[in-house]
Amino acid sequence: MGWTGTGRELTDYLLRGSMNVHVPVAVHGARCPREQESVNDPAVEWNPWGPRQRSSPAVDAANETSEGTPFTLLGLTTNPGEQRPLFVLFLVLYVAGILGNGLIVAVIRASPALHAPMYFLPAQLSFDDLCFTSITVPKMLANLMAHDRSISLAGCLTQMYFSFALGVTDSCLLAAMAYDRYVAIRHPLRYATRMSRAVCTALVGTAWLVSHVHSLLHILLMAHLSFCASHQAPHFFCDHQPLLRLSCSDTRHIQLVIFTEGAAVVVTPFLLIFASQGAIAAAVLQLSTCGSHLAMVGLFYGTVTAVYFQPMSRYEAKWGRVASVTYTVVTPMLNPVVYSLRNRDVQGLLRALFPRQRISAGDS
């Protein structure tokens, strides 16, 4: 009797008979048991190369970039008993810095006698410090008294952008002022040509350009990070290290940029300042003024280095907050006293504006 079935059925019959192995045949769209299991189990995703475990909704949500979730700035302290005294202290420091820097800007701008290039740079520094403290301190004061300490991702990146840009501008202006003093003391006969208004304007423009390019680079890198863990930053403003520790992305490329490009932007002005002040001290031994300038430079660059130029694994939030307060609040408040209010011409003009007030600061 001949075989009356199809060729596919014959092949199946011969295989079963010779190998004594059951070979499941997919007929009319039926699935094999393993494939059927993957269909029935929602946690298993079937594909032609075998089943694959599907991630749960909770895992999917944790792996997504939480762009809409705001950050919480924990501030200087979470102890309610310490918040009010800190609020009063930093309010006084902030007001003193605003008044001091604002006074320098207004006096130099209002007096034709102070429109010389040597006063142009201190006015720019005071204006930069005015903006620098206003980027971080008002938010810190508000968080000390408010229950809601949240800040959106866009607001956080905006605060970071301007704090980076204004901080680097401050550094470059300090270097320009150190060069100005070097030329005035070492080359007084060439001062008018070396430090003309055009040269000073070019120095200030370069400082602003370098600082904003530097800040834009870092913000573009930070904007691509994913934050899928805690959004509580142990800081009083949005800064590099606290946010990098919250990110679940690979941050090695950002740390590399900090230790290369960031170091070049910060270290170069510091070396120029140190060399200029050393040349001034060697020339005239004017250690009283050079000492105060070097102390301010050391305070500013020392705290900046302590915050940014260390491995993220060694970063401590407590000391990071202390160092950040120093270069964002303390040094901008002291800069007018060190660089402007000790100047004899500035003091004379202030005596004319406020005849009943006695300005007792020493001459520069």
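Residues numbered from 1 in each chain as written. Predicted model: local features only at pLDDT ≥ 70, side-chain atom pairs only at ≥ 80, totals over all residues. Heavy atoms only, no water.

Caption draft 1: Region of interest: the overall build of the protein chain. Counting its regular elements, the protein chain contains 13 helices and five strands. By the burial criterion, 40% of the 364 residues in the protein chain qualify as buried. For the protein chain, the share of sequence-separated contacts (at least 6 apart) that also reach a separation of at least 24 residues comes to 72%. As displayed, the protein chain has an accessible area near 19800 Å², and 64% of this comes from carbon and sulfur atoms. (Helix = DSSP H or I, 4+ residues; strand = E, 2+ residues; numbered from the N terminus. Buried < 20%, exposed > 50% of the residue type's maximum accessible area, 1.4 Å probe, protein only. Contact = heavy atoms within 4.5 Å. Areas by Shrake-Rupley, 256 points an atom, 1.4 Å probe, with all protein chains shown as cover.)

Caption draft 2: Looking closely at the nonpolar core. Within the largest apolar cluster, 64 residues are counted, with the highest numbers of intra-cluster contacts made by Phe 71, Met 160, Met 222, Leu 243, Tyr 327 and Tyr 339. The element best represented in this core is helix H6 (residues 153-186), accounting for 16 residues. (Core = buried A, V, L, I, M, F, W, Y, C linked by side-chain atoms within 4.5 Å.)

Caption draft 3: Local environment of the confidence of the model for the protein chain. Overall, the prediction assigns the protein chain a mean pLDDT of 77, with 74% of residues at 70 or greater. Low pLDDT (under 50) marks residues 18-65, which in the prediction has 33 contacts with non-local residues, meaning those over four places away or in another chain. Under a pLDDT of 50 for its full length, residues 357-364 has, in the predicted model, 14 contacts with residues more than four places off or in other chains. (pLDDT = per-residue confidence, 0-100.)

Caption draft 4: The arrangement of the side chain of Arg 149 in detail. With respect to the helices and strands, Arg 149 occurs in the loop between helix H5 (117-145) and strand E4 (150-151). Put simply, Arg 149 is tucked away with no salt bridge, and the nearest opposite charge, on Asp 148, sits 8.4 Å away. A polar contact is formed between the side chain of Arg 149 and the backbone oxygen of Asn 143, at a distance of 3.2 Å. In this structure Arg 149 touches Phe 71, Thr 72, Leu 73, Leu 74, Gly 75, Thr 77, Thr 78, Gln 83 and Asn 143, once residues within four positions along its chain are discounted. (Lys, Arg positive; Asp, Glu negative; His and termini not counted. Salt bridge = Lys/Arg side-chain N within 4 Å of Asp/Glu carboxyl O. Polar contact = N/O pair within 3.5 Å; in protein donor to acceptor, adjacent residues only side chain to side chain.)

Caption draft 5: View of helix H12 (residues 317-339). With 23 residues, H12 extends 32 Å between its outermost C-alpha atoms, agreeing within 8% with the 33 Å of an ideal straight helix rising 1.5 Å per residue. Along its length, H12 shows its largest kink, about 40°, at Thr 331, and proline Pro 332 lies within four residues downstream of that point. (Expected span 1.5 Å × (residues − 1). Bend = angle between axes of the 7 residues up to and from the residue.)

Caption draft 6: The arrangement of the packing of aromatic side chains in detail. Under the defined criterion, the tally for this structure stands at ten aromatic pairs. Note on Phe 132 and Tyr 327: the rings are 6.4 Å apart at their centroids and 25° apart in plane angle, and the pair reads as stacked. With Phe 132 in helix H5 and Tyr 327 in helix H12, this residue pair connects regions lying 195 residues apart in the sequence. The exposure class of Tyr 327 is buried, given its relative accessible area of 4%. Put simply, the rings of Phe 132, Phe 164, Tyr 308 and Tyr 327 touch in pairs and so form one group of aromatic residues. (Phe/Tyr/Trp six-rings, centres within 6.5 Å; stacked < 30°, edge-to-face > 60°.)

Caption draft 7: The arrangement of the pattern of salt bridges in detail. Under the definition given, this model contains one salt bridge. Across the pair Arg 252 and Asp 250 runs a salt bridge, and its minimum N-O distance is 2.8 Å. The exposed category is assigned to Arg 252, whose relative accessible area is 60%.

Caption draft 8: Focus on the side chain of His 218. Structurally, His 218 can be placed in helix H8 (residues 197-222). Engagement of the side chain of His 218 in a polar contact is seen with the side chain of His 240, the distance being 3.3 Å. A polar atom in the side chain of His 218 sits 2.9 Å from the side chain of Glu 261. Excluding its chain neighbours within four sequence positions, the residues that come into contact with His 218 are Phe 164, His 240, Val 257, Ile 258 and Glu 261.

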